[in-house]
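# Analysis of the macromolecular model
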Amino acid sequence: EGRVEVYHAGQWGTVCDDQWDDADAEVVCRQLGLGGVAKAWSQAYFGEGSGPVLLDEVRCTGNELSIEQCPKSSWREHNCGHKEDAGVSCTPLTGTSITSNCTGKQKNDFCFCFSLLVNDTDGALRLTSGKGSHEGRLEVYYTGQWGTICDDGWTELNTQVACRQLGFK
């Protein structure tokens, strides 16, 4: 957790909290390689920065891979002071450890990432039965039980989203 600072044109600077929300925090946590629950903080919650305010009006959807892909004002265009510096917290999911018993990959299983922790709440994902720490059958938790995910229409984009949800790049 902390104040968000970005590096642009050879200089570090802060991000203004106008329009700053949890979707923006999700992208920052993902860009930092941190999974879990993302929360946006405003009004210099983690202290005021120094130097330039580099970004304002950041409006991520939450699906971007980096803050640079989000709609935002032009670099250095802002109406903010450091009292409006944006922050994030990336709280790891707590859950159950997964131990993988390798029996080989079955037909139609697809994912190239791995998580050691899962969260027992609806929509949580896990990988099981992989050959190593980088693959396995993708399962989803819903209404108290784990189930498989059908691969009809599954794309590389689906894989990227699942891997990000598991806390991987």
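Above this note sits the structure.
Let me begin by describing the structure that accompanies this report. Predicted model, so just to flag it, every value in this text is computed and none were measured.

## Examining the state of the cysteines
Under the counting rule described, the total for this entry stands at 3 disulfides. A disulfide bridge connects Cys60 with Cys70, and the sulfur atoms are separated by 2.0 Å. Residues Cys60 and Cys70 share a disulfide whose torsion about the S-S bond is about 100°; that sign makes it right-handed. In this pair, Cys60 sits in the loop between β5 (53-55) and β6 (87-91) while Cys70 sits in the loop between β5 and β6, placing the two residues 10 residues apart along the sequence. In this structure Cys60 comes out as buried when scored by relative accessible area, which is 8%. Residue Cys70 is classed as buried on the basis of its relative accessible area of 4%.

## Here's the deal with the pattern of salt bridges
Taken as a whole and assessed by the stated rule, the structure comprises 4 salt bridges. Among the ionic pairs, Glu139 bridges to Arg137, the shortest N-O distance being 2.9 Å. We classify Glu139 as buried; its relative accessible area is 7%. According to the relative accessible area criterion, Arg137 is buried, its value standing at 19%.

## Remarks on the environment of Gly2
Locating Gly2 in the fold gives a position in strand β1 (residues 2-3). Note on Gly2: relative accessible area 16%, which makes it buried. Sequence separation of Gly2 and Tyr45 is 43 residues, and the distance between their C-alpha atoms is 8.3 Å. The residues touching Gly2, leaving out its near neighbours within four places in the chain, are Phe46, Gly87 and Val88.

The rules we used
- Position numbers for residues start from 1 in each chain and track the written sequence from start to end.
- Local features are withheld for residues below a pLDDT of 70 in this predicted model, meaning they are given only at 70 or higher, and side-chain atom pairs are given and counted only at 80 or more; totals for whole chains, interfaces and linings count all residues.
- Here the side-chain values reflect all heavy atoms present in the structure, with hydrogen atoms and water set aside.
- Any pair of cysteine sulfurs within 2.5 Å is marked as a disulfide.
- A run of H or I in DSSP counts as a helix once it spans at least four residues, and a run of E counts as a strand once it spans at least two, with each numbered from the N terminus.
- A simple rule labels every residue: compare its accessible area, found with a 1.4 Å probe on the protein chains alone, to the largest value its type can have, and call it buried under 20%, exposed over 50%, or partly exposed in between.
- Note on definitions: salt bridges are taken to be side-chain nitrogens of Lys or Arg within 4 Å of carboxyl oxygens of Asp or Glu.
- Working rule for contacts: check all heavy atoms of both residues, and any pair within 4.5 Å makes them a contact.

The values reported here are purely geometric and, on their own, carry no functional implication.
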